[in-house]
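Below, each chain spelled out in residue letters.
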Amino acid sequence: MRVISWNVNSLRAREPLLEKLVLTEKPDILCLQELKILDKDYVESFFNKFSLKTLSETQKSYNGVSISYKEDINLKEIPLKKLNLIQARNNTIILENLKLVIINCYFPNGNPIDTEKFINKIEWMKTLFKEIKSLKDDYEILLTGDFNVIPDDEDAYDIKKYKNDALAQPQSRKEFNKLINLDLIDVFKTVPKKQSYTFFDYKTYKFGKDEGIRIDFFLLSPFIKSKMLKLKVLKEYRDLDRPSDHCPIMIDLNI
DNA sequence: ATGACCTGACCATCAGGA
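These lines cover the structure that appears in this document, whether it is placed above or below. (Residues numbered from 1 in each chain as written. Chains lettered and ligands numbered in written order. Predicted model: local features only at pLDDT ≥ 70, side-chain atom pairs only at ≥ 80, totals over all residues. Heavy atoms only, no water.)

## Here's the deal with the packing of aromatic side chains
Summed over all chains, the structure comprises 11 aromatic pairs. An angle of 75° between the planes, with centres 5.5 Å apart, marks the rings of F46 and F50 as edge-to-face. For the pair F46 and F50, a shared accessibility class is recorded, and that class is buried. Measuring from ring centre to ring centre gives 6.3 Å for Y197 and F200, while their planes differ by 80°; the resulting arrangement is edge-to-face. Note on F200: relative accessible area 0%, which makes it buried. Between R12 and the ring centre of Y42, over which it is positioned, the NZ or CZ distance is 4.3 Å. (Phe/Tyr/Trp six-rings, centres within 6.5 Å; stacked < 30°, edge-to-face > 60°. Buried < 20%, exposed > 50% of the residue type's maximum accessible area, 1.4 Å probe, protein only. Lys NZ or Arg CZ within 6 Å of the ring centre and 35° of its normal.)

What follows is the structure, encoded as C-alpha cells:
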C-alpha cells in the first residue's frame with residue numbers, strides 16, 4: 001500500500017502537478033492539506049477523473065484537507081470533530097481489516113507567537129494528542145500531514161532563523177514529542193538531512209539553495225513501521241512549474 | 001528587514017502562509 005501526503009497550497013493551483021503525481025506515483029491513499037477551496041463536490045469530482053474516491057473537510061480560501069483512495073479500498077471515516085471546530089484541519093479513516101487508522105492533519109501555523117494564534121496551535125495539538133491516545137489502544141496508527149513543527153535544531157537549514165517562529169518553540173516541540181512518546185516512530189528522522197527537508201520557502205528561492213525545513217511527517221506505530229518498504233520525499237515536485245512550497249512525502253507499506 | 005514569493009479574495013491590495 002502506497003500512501004502519499006502533500007500540502008498542495010491550493011488544490012486549483014496544483015491541479016497539473018496533482019494529475020502528474022497521481023498518474024506517476026499511483027498512490028493507494030493520498031492525503032492533502034491546504035486545499036483552499038470550499039466546494040467539496042469540486043474536490044471529489046477532480047479525483048473521480050483518476051478513479052479515486054475522496055472525502056474532504058473544506059472552508060473558503062484557507063486550510064482544508066482531503067483523503068483520496070482507490071475505489072477497491074474498504075474504509076470508513078471517523079470524524080474527529082474537535083479538530084475541525086474552528087478550521088478544516090483533519091480527516092481520519094479506519095481500515096478495519098488492517099486495524100489501521102490513518103490520520104491526516106494540517107496543524108495550525110501559530111505565528112506570531114505572542115498572539116492567540118500560537119495559543120490555538122498548542123491547544124489544537126493537545127486535542128490531537130488526546131484523540132490519538134484513545135485510538136492507539138484499538139488501532140495501529142499512521143499519522144501524517146503538515147505538522148508545522150520543526151522538532152529538532154537539525155531539522156532546519158539554519159535554526160537561528162526560526163528562533164522566534166512558532167514552528168520551533170519549546171511548547172510546539174513538547175507537544176510533538178508527546179505524540180512520539182505514544183510510541184509513534186518519526187520514520188524520516190534517520191533519513192539524511194538534505195533528503196528529508198519537506199518545505200522550501202518561496203521567498204528568496206530557498207529551493208535552489210537547498211535551504212529547507214522538515215515539517216511534514218509520517219508517524220507510525222511499531223507494527224506499521226515494521227511493514228515499511230520504501231520512504232521518500234518527492235523533492236522533484238518542488239522543482240516543476242508552479243510548485244507548492246511543500247514537497248509530497250511517500251511511503252510504501254507491505255500491507 | 002514587520003522584506004522577498006505565492007494564493008485567494010477580487011480589481012488594488014490585503015491576509016495568511018512558515
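Picking up after the structure, the text goes on.
## Remarks on the packing of helix 3 (residues 116-135) against helix 4 (residues 170-180)
Relative to each other, helix 3 and helix 4 sit at 10°, their axes nearing to 10 Å. Taken together, the axis directions place helix 3 and helix 4 in an arrangement best described as roughly parallel. For the pair helix 3 and helix 4, the contacting residues are F118, K121, I122, M125, K126, L128, F129 and I132 in the first and Q171, S172, E175, F176, K178 and L179 in the second. In terms of residue class, the contact of helix 3 with helix 4 is made up of 8 nonpolar, 2 polar and 4 charged. (Axes fitted to C-alpha atoms, helices over the stretch in contact; angles between N-to-C directions. Helix = DSSP H or I, 4+ residues; strand = E, 2+ residues; numbered from the N terminus. Parallel < 35°, antiparallel > 145°, perpendicular 65-115°, else oblique. Contact = heavy atoms within 4.5 Å. Nonpolar A, V, L, I, M, F, W, Y, C, P; charged D, E, K, R; others polar.)

## A closer look at the side chain of Q169
With respect to the secondary-structure elements, Q169 resides in the loop between strand 8 (140-146) and helix 4. The class for Q169 is buried, based on a relative accessible area of 11%. At a separation of 3.0 Å, a polar atom in the side chain of Q169 contacts the main-chain carbonyl oxygen of K163. (Polar contact = N/O pair within 3.5 Å; in protein donor to acceptor, adjacent residues only side chain to side chain.)

## A word on the sheet that holds strand 12 (residues 249-253)
With respect to topology, 6 strands assemble into an open sheet ordered 3-4-2-1-12-11, the strand pairing being mixed. On the outer flanks of this sheet lie strand 3 (52-57) and strand 11 (228-233), each paired with one strand and no other. Going from strand to strand, the sheet's axes swing by 15° on average, the running direction of each strand aside. Taken together, the 5 bridges between strand 1 (residues 2-7) and strand 2 (residues 29-33) define a ladder with parallel strand orientation. If you follow W6 over to strand 2, its bridge partner there is L32. (Pairing = 2+ DSSP bridges.)

## Observations concerning the pattern of salt bridges
Taken as a whole, this structure holds 13 salt bridges when the rule is applied. Across the pair K99 and E96 runs a salt bridge, and its minimum N-O distance is 3.5 Å. Judged by its relative accessible area of 43%, K99 falls in the partly exposed class. We classify E96 as partly exposed; its relative accessible area is 32%. With a shortest N-O distance of 2.8 Å, D152 and K189 are connected by a salt bridge. (Salt bridge = Lys/Arg side-chain N within 4 Å of Asp/Glu carboxyl O.)

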